[in-house]
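Each chain, letter by letter, is given below.
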Amino acid sequence: MKSVQSFYDQLSGQYTDLISKCVPRYNELLYNMFHYIPEDFKPKRILDLGCGTGNLTEQILKHFPEAEIDALDLSEEILKESQKRFMSQPNIRYIQADFREMHLAPGSYDLILSSIAIHHIEDAEKTILYRDIFSALTVNGVFIFADQTRGINEEIYHKHISRWKEEAFKLGSTQENWDMWMEHQNAHDFHTPVNWHLKQLESSGFAEVDIIWKNIMWAVIWARKR
Ligand SMILES: C[S@@+](CC[C@H](N)C(=O)[O-])C[C@H]1O[C@@H](n2cnc3c(N)ncnc32)[C@H](O)[C@@H]1O
């Protein structure tokens, strides 16, 4: 069985095309991650967790062109794709690291973002990650992430998967693509209900926690440190 890292290393060249056929309303999901950032909030230091080939990084650059951006990912090959994509951007630093072992300095970021990456770690690891993120944010710092979630019971979860399949095929996914995602999901994905995320973020110290968008199993979750 491939590790998460080797899966994304191998997929790196095709990733940007495949993800747009895999995630329903992906552009809308990314749009909403930025729509709810407070108007008066001007982050100077931003972290993109699990940046992949840079789909979210591109949006960060569009919204905050002056910010210093750290683009972090486990996969060396996928980071190379992102580096190629933003060759002329001096304000992006690439970090190959596992977000279970990042050792972020306290108060080092104003904004931490992540799209469709955190479900790759187990729930106990997510709890530690949320505490690390809370500590790494400045006061008033914001954490927004989009991810696949689980239903509150197994029936809802299974219906989410079948709705996802319907939508992925409408977007142009083939049976071969679908089988690949399912093999990867069964080996490496840890989907967790939205309520669990909200409670863990509150327990980590976040003062304001909300779900700001959801479609089938994809949710955008918002948290602010005060
Ligand atoms: C589905 S991709 C999402 C990429 C990008 N954020 C996007 O929206 O297109 C998930 C990414 O998370 C990365 N990843 C998975 N587990 C990780 C971990 N433990 N630490 C750092 N990155 C990880 C993978 O290498 C992959 O690039």
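Small disclaimer: the values here were computed from a predicted structure and weren't measured.

A.B. asks: So what exactly am I meant to see when it comes to helix H6 (residues 123-136) here?
C.D. replies: The α-helix winds at 3.6 residues per turn, so residues separated by three or four positions along the chain end up facing the same way. Between its first and last C-alpha atoms H6 spans 20 Å; for 14 residues at 1.5 Å apiece the expected length is 20 Å, and the two agree. Buried within H6 we find Lys126, Thr127, Leu129, Tyr130, Ile133, Phe134 and Ala136. Looking at the buried residues of H6, the elements they touch are strand S1 (45-49), strand S4 (109-115), strand S5 (137-150), strand S6 (192-193) and helix H9 (194-203).

A.B. asks: Quick question: what am I supposed to make of the site of the ligand here?
C.D. replies: For the ligand, the set of nearby residues contains 20 residues, the closest of which are Tyr15, Tyr26, Gly50, Asp73 and Ser115. Taking asparagine 55, its side chain carries an N or O atom lying 3.2 Å from an oxygen atom of the ligand. One nitrogen or oxygen atom from the main chain of phenylalanine 99 is found 2.9 Å from a nitrogen atom belonging to the ligand. In the complex, the protein chains occlude 99% of the 600 Å² of accessible area that the ligand would expose alone. When its residues are assigned to classes, the shell around the ligand shows 12 nonpolar, six polar and two charged.

A.B. asks: I'm lost on unusual backbone geometry in this one. Help?
C.D. replies: Keep in mind that most residues, glycine aside, have a negative phi and that most peptide bonds are trans. For asparagine 140, which is not glycine, the phi dihedral falls at a positive 75°. With respect to the element layout, asparagine 140 can be found in strand S5. Positive phi, close to 50°, is recorded for isoleucine 216, a residue that is not glycine. Locating isoleucine 216 in the fold gives a position in the loop between strand S7 (208-215) and strand S8 (218-224).

A.B. asks: Can you walk me through the environment of phenylalanine 145 in this structure?
C.D. replies: Mapping phenylalanine 145 onto the fold places it in strand S5. Counting along the chain gives 66 residues from phenylalanine 145 to isoleucine 211, while the straight-line C-alpha distance between them is 9.8 Å. Those residues in contact with phenylalanine 145 that lie beyond four places of it in its chain are Met33, Ser114, Ile118, Tyr130, His197, Leu201, Ala219, Val220 and Ile221.

Calculation rules
Going along each chain's sequence as written, the residues are numbered from 1 onward. Where local features are concerned, this predicted model is filtered to residues with pLDDT of at least 70; where side-chain atom pairs are given and counted, the filter is 80 or more; whole-chain, interface and lining totals use all residues. Here the side-chain values reflect all heavy atoms present in the structure, with hydrogen atoms and water set aside. Secondary structure is summarised from DSSP: a helix means a run of H or I of at least four residues, a strand means a run of E of at least two, and numbering begins at the N terminus for each. Expected span of a helix: the number of residues minus one, times 1.5 Å. Here's how the labels work: a residue is buried when its accessible area is under 20% of the maximum for its type, exposed when over 50%, partly exposed in between, all with a 1.4 Å probe on protein chains only. Should any heavy atoms of two residues lie within 4.5 Å, those residues are counted as being in contact. Residues are labelled near a given molecule or strand when at least one of their non-hydrogen atoms is within 4 Å of it. N or O atoms closer than or at 3.5 Å make up a polar contact, with two conditions inside protein: a donor-capable atom paired with an acceptor-capable one, and, for residues adjacent in sequence, both atoms drawn from side chains. The Shrake-Rupley method, run with a 1.4 Å probe, gives the accessible areas here. Residue values count only the displayed protein chains as cover. Each residue is assigned to one of three groups, with Ala, Val, Leu, Ile, Met, Phe, Trp, Tyr, Cys and Pro labelled nonpolar, Asp, Glu, Lys and Arg labelled charged, and all others, Gly among them, labelled polar.

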